[in-house]
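Summary of the model geometry
In case you want the letters, here they are:
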Amino acid sequence: MAASHGKSWISSKTFKRSLADRKTPKNSGGSAPHGRSLFGRRIGRPLSAHKKDVLKRLLPTYEIPPETLVQPGTLNPENLFKKKYSEYWFEIGFGYGEHLTELSLRNPKTGYIGAEPFINGMAALLSDLDKTPAENIRVMMDDAMLLARALGKNTLDGIFILNPDPWHKTRHHKRRIVNRDNLDIFHRILKPGGRLIMTSDVEALSEWMVTHVASHPGFEWTAKNAKDWQEPPLGWSATRYETKRAKNAKKMCYLLFRKKGMKGSEKSP
Ligand SMILES: C[S@@+](CC[C@H](N)C(=O)[O-])C[C@H]1O[C@@H](n2cnc3c(N)ncnc32)[C@H](O)[C@@H]1O
């Protein structure tokens, strides 16, 4: 893999090290192997009557049945939808859901599953789905890792982790969703060649994610030069965080990895 660095804010040392070093970092965090590990907020502003109404009316239609999450490794995303799709993608922490709905409209032959524990985010997504229904979306309002653990081996074409919570304090690093234990799970549920797509505007978190994923033996970084991770991929759909909080992606990092093995989807994310 080529490594031309250009003008970068992730040090070229990290870039090089992440390509070369295949050892697990010493400070690798990890969540409990079973059960819920949620640290962020689950509710923000009080919900409007409309948002409460959409949650009540539409969550049962779009929700992944909780009973399908009980047995680890048994859930086939095909069984969550009324029809079969050619690909299945999972968005972890979809926030207000605009990325999920945009992609579901663009790619009607792909089934999308999403997890977001924040009730205001779920209500915003369902409000959009009330206006524009999408039969290729299914969601859960809980810790994404519960769903990840439930999914069967080689069942996903891609995973998005867009602007995950950074957990800045060192003692909170183990809360980061990208850690060695979770990467083993993502590796198990992705098909060979499946994509792991992560973004962040937080330098320390981007470095953390690059270092952890590049040092996992089952993933390869698809970046060939600095432009590949400094600029959004072709056809990129920006998230709300990216456009509002990260001030239009000035410092965004786009980290595209692939599960080693056969060639997966060549489609742009
Ligand atoms: C900074 S926000 C980014 C939201 C969205 N991806 C975006 O880019 O606009 C991080 C999101 O991750 C969600 N989150 C945190 N821990 C999570 C977990 N264990 N499972 C699923 N989502 C989680 C939070 O509720 C929050 O909505």
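Residues numbered from 1 in each chain as written. Predicted model: local features only at pLDDT ≥ 70, side-chain atom pairs only at ≥ 80, totals over all residues.

Some words on the overall build of the chain
Note the following rule: Under the scheme used here, helices are H or I runs from DSSP no shorter than 4 residues and strands are E runs no shorter than 2 residues, and both carry numbers assigned from the N terminus. Residues with at least 20 other C-beta atoms within 10 Å of their own are called buried, those with 12 or fewer are called exposed, and the rest are partly exposed. The C-beta atoms themselves are positioned from the backbone. We call two residues in contact when their backbone-placed C-beta atoms lie within 7 Å.
Broken down by element type, the chain carries nine helices and seven strands. Taking all 269 residues of the chain together, the buried fraction comes to 40%. Expressed as a percentage of contacts within the chain between residues at least 6 apart in sequence, the contacts between residues at least 24 apart total 82%.

Thoughts on the site of the ligand
Applied cut-off: Placing the C-beta atom from the backbone, one calls a residue near a molecule or strand if that atom lies within 6 Å of it. When residues are grouped by polarity, Ala, Val, Leu, Ile, Met, Phe, Trp, Tyr, Cys and Pro land in nonpolar, Asp, Glu, Lys and Arg in charged, and all others, Gly among them, in polar.
Lining the immediate environment of the ligand, one finds 23 residues, of which Gly-93, Gly-95, Ala-144, Thr-239 and Tyr-241 sit closest. Among the elements of the structure, helix H5 (144-150) and helix H9 (240-245) are those that each provide at least two residues to the shell around the ligand. Of all the elements, H9 adds the most residues to the shell around the ligand, at three residues. Of the residues contributing to the shell around the ligand, the split by class is 12 nonpolar, six polar and five charged.

So, the confidence of the model for the chain
Note the cut-off: Per-residue confidence from the predictor is given as pLDDT, running between 0 and 100.
On average, residues of the chain score 86 in pLDDT, and 80% of them are at 70 or above. This model gives residues 1-12 a pLDDT under 50, and the stretch forms 26 contacts once residues within four places in sequence are excluded. Across residues 18-34, confidence stays below pLDDT 50; counting only partners more than four residues off in sequence or on other chains, it has 36 contacts.

As for the sheet that holds strand S6 (residues 219-221)
What counts here: Strand pairing is assigned whenever DSSP detects at least two bridges linking the two strands. Each axis is a line fitted through C-alpha atoms, taken for helices only over the stretch in contact, and angles between the N-to-C directions span 0 to 180 degrees.
Strand order in the open sheet formed by seven strands is S3-S2-S1-S4-S5-S7-S6, and the pairing between neighbours is mixed. Every other strand in the sheet has two partners, leaving strand S3 (137-140) and S6 as the edge strands with one partner each. Strand-to-strand, the axes of this sheet are offset by a mean angle of 20 degrees, without reference to chain direction. As paired strands, S6 and strand S7 (residues 253-259) are joined by three bridges and run antiparallel to one another. Looking at the pairing, Trp-221 lines up with Phe-257 of S7.

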